[in-house]
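Below, each chain spelled out in residue letters.
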Amino acid sequence: MTKGTGRRPEVNLDSGVEDVTLSILEWLGEQGVHAMIRVDAERMRDGQPAWTFAASGGPLDGGMRADGASVAECMGRALLRLREAGLAVPF
């Protein structure tokens, strides 16, 4: 994953992050972070980013959310935000 030059960071969609999503969620739980990923069928039908990652608690100062059109995009954005919040996610 790389930082973009604009307002939104660019996400590497070929990183394979979707393959380790459950491991990431488990690791976050071990850190005391409440986390989930979900897909919204209505947003998918409407052509909107249907995948959402949400997390709160533990070492996070408040909650966070990341959306994407695919699991890879959603989790890529989530990992960027988690790392910006100071969580060194080992995946």
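Not measured: the values here are computed from a predicted model. (Residues numbered from 1 in each chain as written. Predicted model: local features only at pLDDT ≥ 70, side-chain atom pairs only at ≥ 80, totals over all residues. Heavy atoms only, no water.)

> Help me understand helix H1 (residues 21-30) in this model?
Working note: α-helix, 3.6 residues per turn, so residues spaced by three or four point in the same direction. Among the residues making up H1, those that are buried are Thr21, Ile24, Leu25, Trp27 and Leu28. Axial view of H1: buried residues confined to an arc of 165°, hence all on one face. Facing away from the buried side of H1, by more than 90 degrees, are the exposed residues Leu22, Glu26 and Glu30. Looking one or two residues past H1, Gly32 carries a phi angle of roughly 85°, positive in sign. (Buried < 20%, exposed > 50% of the residue type's maximum accessible area, 1.4 Å probe, protein only. Helix = DSSP H or I, 4+ residues; strand = E, 2+ residues; numbered from the N terminus. Arc of directions from axis to C-beta.)

> Could you clarify how one ought to interpret the sheet that holds strand E1 (residues 34-39) in this entry?
Sheet strands line up and pair through hydrogen bonds in the backbone, either parallel or antiparallel. Within the open sheet, the 3 strands sit side by side as E1-E2-E3. Their pairing is antiparallel. The strands lining the two open edges of the sheet, one partner per strand, are E1 and strand E3 (64-68). Within the sheet, the average angular offset between the axes of one strand and its neighbour, ignoring direction, is 10°. Note that E1 and strand E2 (residues 51-56) share 6 bridges and pair antiparallel. By the bridge assignment, His34 is partnered in E2 with Ser56. (Pairing = 2+ DSSP bridges. Axes fitted to C-alpha atoms, helices over the stretch in contact; angles between N-to-C directions.)

Shape descriptors only; they carry no functional weight alone.
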